[in-house]
Amino acid sequence: GESVGLHLPTLSVQEGDNSIINCAYSNSASDYFIWYKQESGKGPQFIIDIRSNMDKRQGQRVTVLLNKTVKHLSLQIAATQPGDSAVYFCAETDANYGGSQGNLIFGKGTKLSVKP
Amino acid sequence: GAVVSQHPSWVICKSGTSVKIECRSLDFQATTMFWYRQFPKQSLMLMATSNEGSKATYEQGVEKDKFLINHASLTLSTLTVTSAHPEDSSFYICSAGLERGGNNEQFFGPGTRLTVL
């Protein structure tokens, strides 16, 4: 979702429930997408990625879904745990990612709060 | 593998002074490093892309004379905030690019919290 002013969208879930975090990306030319987890006072941590030739990718307890038609990305976390509490960012980029011309564009972020 | 460190992790300085932040790739060589700035409750904003042995490429609106970037080796990039002011207080994060398994990836450092009094 989009933030208003300085307030991050917050998703509050009960421990053990599934979480779904959504992201709308901006560039139809983007072909590589990444979800990052950022804990307070730390740098972003890679969670999972997906290329535009896929619409779903699964990791351990996490699944990323990509809908290129509406430029929408989602992160699903199964059996959410208190340690999952953090801010989650989606990021998009193009084929030059990581090189001298490839930049990551970060979404606004969603704060996930897990209640024990 | 693919660990990136930053030093210092936090710094407090007086207005008008300059502060240098180091970004190191500890177990790989990075031709390209990136510097981001993150204000509270906001996303990461790319400031500049640093290429080893050449001048950095700055994003629109980022003053190159204020934020000096040096990438003297394949494992070290530095960001110097010159004549820092309170509005420069922020969380500065670097990342290092690495090609792995056919993909080019960015690995992020832990960030540096700068507070300018």
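Residues numbered from 1 in each chain as written. Chains lettered and ligands numbered in written order. Predicted model: local features only at pLDDT ≥ 70, side-chain atom pairs only at ≥ 80, totals over all residues. Heavy atoms only, no water.

Enquirer: Could you give an account of the overall build of chain B, with specific residues and numbers?
Expert: When you go through chain B residue by residue, the secondary structure sums to 0 helices and 11 strands. Tracing chain B from N to C terminus, the helices and strands come up as β-β-β-β-β-β-β-β-β-β-β. Computed over C-alpha atoms, the radius of gyration of chain B comes to 14 Å, within 12% of the 13 Å expected from 2.2 N^0.38 for 117 residues, which places it in the range of a compact globule. Principal-axis analysis of the C-alpha atoms places the extent of chain B at approximately 45 × 25 × 20 Å. (Helix = DSSP H or I, 4+ residues; strand = E, 2+ residues; numbered from the N terminus. Rg over C-alpha atoms; globule rule 2.2 N^0.38 Å.)

Enquirer: Residues and numbers for the packing of aromatic side chains, please.
Expert: Aromatic ring pairs: the centre-centre distance and the angle between the two ring planes describe each pair. The tally for this structure, following the rule as stated, stands at 9 aromatic pairs over all chains. Geometrically, the ring pair formed by tyrosine 36 of chain A and phenylalanine 108 of chain B is edge-to-face, given 5.2 Å between the ring centres and 80 degrees between the ring planes. Here tyrosine 36 of chain A is found in strand S3 (residues 32-38), whereas its partner phenylalanine 108 of chain B is found in strand S10 (residues 103-108) on a different chain. Neither tyrosine 36 of chain A nor phenylalanine 108 of chain B differs from the other in exposure class; each is buried. Ring centres of phenylalanine 89 of chain A and phenylalanine 106 of chain A lie 6.2 Å apart, and the angle between their planes is 85 degrees; on these two criteria the pair is classed as edge-to-face. Here phenylalanine 106 of chain A lies in strand S9 (residues 105-106) and phenylalanine 89 of chain A lies in strand S8 (residues 86-93), a separation of 17 residues in the sequence. Per residue, the accessibility class of phenylalanine 89 of chain A equals that of phenylalanine 106 of chain A, and both read buried. Ring-pair connections join several aromatic residues into one group, and the members of that group are Tyr36, Phe89 and Phe106 of chain A together with Tyr36 and Phe108 of chain B. Lying over the aromatic face of tyrosine 32 of chain A, arginine 51 of chain A brings its terminal NZ or CZ to 4.2 Å of the ring centre. Seen from the ring of phenylalanine 67 of chain B, lysine 66 of chain B lies directly overhead, with NZ or CZ sitting 6.0 Å from the centre. (Phe/Tyr/Trp six-rings, centres within 6.5 Å; stacked < 30°, edge-to-face > 60°. Buried < 20%, exposed > 50% of the residue type's maximum accessible area, 1.4 Å probe, protein only. Lys NZ or Arg CZ within 6 Å of the ring centre and 35° of its normal.)

Enquirer: Please set out the nonpolar core residue by residue, giving values where relevant.
Expert: Judged by nonpolar contacts, the single largest core of 27 residues is most densely connected at Val4, Phe28, Trp35, Phe67, Leu79, Tyr92 and Leu114 of chain B. Of all the secondary-structure elements, those providing two or more residues to this core are strand S2 (10-13), strand S3 (19-25), strand S4 (32-38), strand S5 (45-51), strand S7 (67-73), strand S8 (76-81), strand S9 (90-100) and strand S11 (112-116) of chain B. Looking at this core, the element that brings in the most residues is S9 of chain B, giving 4 residues. Judged by nonpolar contacts, the second largest core, of 19 residues, contains Val13, Cys23, Val64 and Val114 of chain A. (Core = buried A, V, L, I, M, F, W, Y, C linked by side-chain atoms within 4.5 Å.)

Enquirer: For the pattern of salt bridges, give the residues involved together with the corresponding values.
Expert: What the rule picks out here adds up to 6 salt bridges over all chains. Its salt-bridge partner being glutamate 39 of chain A, residue lysine 42 of chain A comes within 3.5 Å of it at the nearest N-O pair. Lysine 42 of chain A gets classed as partly exposed once you look at its relative accessible area, which sits at 44%. Glutamate 39 of chain A gets classed as partly exposed once you look at its relative accessible area, which sits at 26%. As a salt-bridge pair, glutamate 22 of chain B and arginine 24 of chain B come within 3.4 Å of each other at their nearest N and O atoms. Look at glutamate 22 of chain B and you get partly exposed, because its relative accessible area is 23%. Residue classification places arginine 24 of chain B among the partly exposed residues on the basis of a relative accessible area of 34%. Sharing partners across several salt bridges, the network here consists of Lys37, Glu39 and Lys42 of chain A. (Salt bridge = Lys/Arg side-chain N within 4 Å of Asp/Glu carboxyl O.)

Enquirer: Help me get a handle on the sheet that holds strand S2 (residues 19-24) of chain A, residues and values and all.
Expert: All names here are of chain A. Strand order in the open sheet made by the 4 strands is S2-S7-S6-S5, with antiparallel pairing throughout. If you trace the sheet from one side to the other, it starts and ends with S2 and strand S5 (56-58), each paired once. Between one strand axis and the next, the sheet turns through 15 degrees on average, direction left out of account. The pairing of S2 with strand S7 (residues 72-77) spans 6 bridges and is antiparallel. (Pairing = 2+ DSSP bridges. Axes fitted to C-alpha atoms, helices over the stretch in contact; angles between N-to-C directions.)

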